[in-house]
Amino acid sequence: YWVHVGHVNQGYATEASRTLTDVAFTVPGIEIVELLHDRANVPSRRVPEKLGYTCRGEVIDDPRGLAPEGDGVHVRWTVTKSDWLAR
């Protein structure tokens, strides 16, 4: 997710991620949803934390496609369908 700097910390990314996770688990066969964000992006980290995703570690990526402030390392988060529905 990307939110314009003028709209950060207003809950848009959290609400969009919540809705997309809800929808993903209506698709037959989907049992896990994964979310990745750049390690340097603290506001993005708060989204999966708020939603109850579990941090699974870091993934080194090719930094060429990232935002200028990115360092090429993503933090990986997941939530299972059973955990999501139980929340």
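Everything below is about the structure printed above this text.
Just so you know, these numbers come straight off a predicted model, no measurement behind them.

Cut-offs and rules
Residues numbered from 1 in each chain as written. Predicted model: local features only at pLDDT ≥ 70, side-chain atom pairs only at ≥ 80, totals over all residues. Heavy atoms only, no water. Helix = DSSP H or I, 4+ residues; strand = E, 2+ residues; numbered from the N terminus. Polar contact = N/O pair within 3.5 Å; in protein donor to acceptor, adjacent residues only side chain to side chain. Contact = heavy atoms within 4.5 Å. Buried < 20%, exposed > 50% of the residue type's maximum accessible area, 1.4 Å probe, protein only. Phe/Tyr/Trp six-rings, centres within 6.5 Å; stacked < 30°, edge-to-face > 60°. Lys NZ or Arg CZ within 6 Å of the ring centre and 35° of its normal. Salt bridge = Lys/Arg side-chain N within 4 Å of Asp/Glu carboxyl O. Core = buried A, V, L, I, M, F, W, Y, C linked by side-chain atoms within 4.5 Å.

Q: Where do I start with the side chain of Ser-17 in this structure?
A: By the secondary structure assignment, Ser-17 is in helix 1 (residues 12–24). Within the structure, Ser-17 has its side chain in polar contact with the backbone oxygen of Ala-13 (distance 2.8 Å). In contact with Ser-17, other than residues within four places in its own chain, are Tyr-1, Leu-35, Val-47 and Leu-51.

Q: Hey, could you run me through unusual backbone geometry in this one?
A: Among all residues except glycine, the phi angle is most often negative; among peptide bonds, the trans geometry is most common. The residue Asn-9 is not glycine, and still its phi comes out positive at about 65°. Structurally, Asn-9 is set in the segment before helix 1. Residue classification places Asn-9 among the exposed positions, given a relative accessible area of 61%.

Q: In this structure, what is going on with the packing of aromatic side chains? I would like to understand it.
A: Any two aromatic rings considered together are summarised by their centre-to-centre distance and by the angle between their planes. In this structure the tally under the stated criterion is 1 aromatic pair. For the ring pair Tyr-53 and Trp-84, a centre distance of 6.2 Å and an interplane angle of 70° mean the geometry is edge-to-face. In this pair, Tyr-53 is assigned in the loop between helix 2 (42–51) and strand 2 (54–60) and Trp-84 in helix 3 (residues 81–86), connecting sequence segments 31 residues apart. An identical accessibility class is assigned to Tyr-53 and Trp-84; each is buried. The ring of Trp-84 has Arg-87 sitting right over it, with the charged end atom 3.6 Å from the ring centre.

Q: Hey, could you run me through the pattern of salt bridges in this one?
A: If charged atoms from side chains of opposite charge come close, those side chains can pair. All told, the structure shown has 5 salt bridges when counted by the stated rule. In this structure, Arg-18 and Glu-15 form a salt bridge, with 2.7 Å as the shortest nitrogen-oxygen distance. In this pair, Arg-18 and Glu-15 both sit in helix 1, 3 residues apart, roughly one turn of the helix. For Arg-18, a relative accessible area of 27% translates into the label partly exposed. Its salt-bridge partner being Arg-45, residue Glu-49 comes within 3.0 Å of it at the nearest N-O pair. Taken together, the residues Glu-49 and Arg-45, both in helix 2 and 4 residues apart, mark about one turn of the helix.

Q: Quick question: what am I supposed to make of the nonpolar core here?
A: Judged by nonpolar contacts, Ala-13, Ala-24, Phe-25, Val-33, Leu-35, Val-47, Leu-51, Tyr-53, Val-75, Trp-77, Val-79 and Trp-84 together constitute the single largest core of 12 residues. When residues of this core are traced back to their parent elements, those giving at least two are helix 1, strand 1 (32–38), helix 2 and strand 3 (73–80). At 3 residues, the largest contribution of residues to this core is made by strand 3. In this view, Ala-13 contacts Tyr-1, Val-3 and Val-47; residues no more than four positions away in its chain are not counted.

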